[in-house]
Amino acid sequence: MSLLIREVSTTDVPMELLLLSDPSEDKVRSYLPRSRCFIASSGGVLVGACVVQELGAGAHELMSIAIRPAHQKSGYGTALLKWVIDFFRGSGASQMEVGTGSFGYQLELPHEFRLPA
Ligand SMILES: CC(C)(COP(=O)(O)OP(=O)(O)OC[C@H]1O[C@@H](n2cnc3c(N)ncnc32)[C@H](O)[C@@H]1OP(=O)(O)O)[C@@H](O)C(=O)NCCC(=O)NCCS
């Protein structure tokens, strides 16, 4: 599996993917301006997206993470989440909150994903 992950402008988010994790487009659009968005591609195909909101003082909140249904259960969700946590850890983050709702399949965060205190 080769996954290419990069940050995109919040005006270029793949809304069809973000709606997999939150069915309200209005709600997604309400937090986008204060967030950063990352997309994942495999073989030139967009397979996933993730949105993180910066809360200030080193704290961040995972607002949304989604993998295209045909590509789920292939490890992409784990790889994207791990990449994003490493990205924020590398830029000095001290805390990542998971603020997802109860819609869809819920991710569990393994211990190694926790940020240092
Ligand atoms: C949640 C989501 C991002 C996971 O992405 P993914 O690429 O399928 O996840 P992975 O392949 O990395 O799997 C991670 C683990 O979850 C398990 N898993 C994934 N989908 C599952 C499902 N539908 N039911 C049960 N277990 C599941 C995998 O088996 C794996 O467990 P393991 O490490 O013990 O083997 C994806 O299912 C998704 O986009 N769901 C819809 C949006 C959503 O609900 N997002 C979360 C709330 S914001």
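(A) Structural detail: helix α3 (residues 76-90). The terminal C-alpha atoms of α3 lie 21 Å apart, and with 15 residues this matches the ideal 21 Å at 1.5 Å per residue to within 8%. Of all the residues in α3, the buried ones are Tyr 76, Gly 77, Leu 80, Leu 81, Val 84, Ile 85 and Phe 88. Buried positions in α3, seen along its axis, are confined to an arc of 160° and lie on one side of it. Its buried side turned inward, α3 meets β1 (4-8), β2 (35-42), β3 (45-56), β4 (59-67) and β5 (95-98). Phi for Gly 92, located one or two positions after α3, is positive at around 95°.

(B) Highlighting the nonpolar core. With 17 residues, the main nonpolar core has Cys 50, Val 52, Leu 62, Leu 80, Val 84, Phe 88 and Met 96 as its most contacted residues. At the level of secondary structure, the elements contributing two or more residues to this core comprise β2, β3, β4 and α3. The leading source of residues in this core is α3, at six residues. Within the second largest apolar cluster, 13 residues are counted, among which are Val 13, Met 15, Tyr 31 and Cys 37.

(C) The pairing of β4, seen in detail. Within β4, nine of the nine residues are buried, which leaves it mostly tucked inside the rest of the structure. Where β3 meets β4, eight bridges bridge the pair, whose relative direction is antiparallel. Following the sheet pairing, Glu 54 is matched in β4 by His 60. Once β3 ends, the chain turns through two residues before running back antiparallel as β4, passing Ala 57 with a positive phi of about 55°. Chirality of the crossover, the property in question, places the unit of β4, α3 and β5 among those that are right-handed.

(D) Focus on the packing of aromatic side chains. By the definition in use, this model includes five aromatic pairs. Consider the rings of Phe 38 and Phe 88, whose centres lie 5.7 Å apart with planes at 85°: the pair is edge-to-face. Remark: Phe 88 occurs in helix α3 and Phe 38 occurs in strand β2; sequence separation between them is 50 residues. Given a relative accessible area of 0%, Phe 38 falls into the buried group. Aromatic pair Phe 87 and Phe 88: ring centres 5.1 Å apart, planes at 80°, arrangement edge-to-face. Residue Phe 87 is classed as partly exposed on the basis of its relative accessible area, which comes to 27%. Given the relative accessible area of 2%, Phe 88 is considered buried. In textbook terms, an aromatic cluster arises when at least three aromatic residues are bridged by ring pairs, as seen for Phe 38, Trp 83, Phe 87 and Phe 88.

Calculation rules
- Residues numbered from 1 in each chain as written.
- Predicted model: local features only at pLDDT ≥ 70, side-chain atom pairs only at ≥ 80, totals over all residues.
- Heavy atoms only, no water.
- Helix = DSSP H or I, 4+ residues; strand = E, 2+ residues; numbered from the N terminus.
- Expected span 1.5 Å × (residues − 1).
- Buried < 20%, exposed > 50% of the residue type's maximum accessible area, 1.4 Å probe, protein only.
- Arc of directions from axis to C-beta.
- Contact = heavy atoms within 4.5 Å.
- Core = buried A, V, L, I, M, F, W, Y, C linked by side-chain atoms within 4.5 Å.
- Pairing = 2+ DSSP bridges.
- Right-handed = clockwise from strand over helix to strand, strands pointing away.
- Phe/Tyr/Trp six-rings, centres within 6.5 Å; stacked < 30°, edge-to-face > 60°.

Keep in mind that these numbers describe shape and distance, not what the molecule does.
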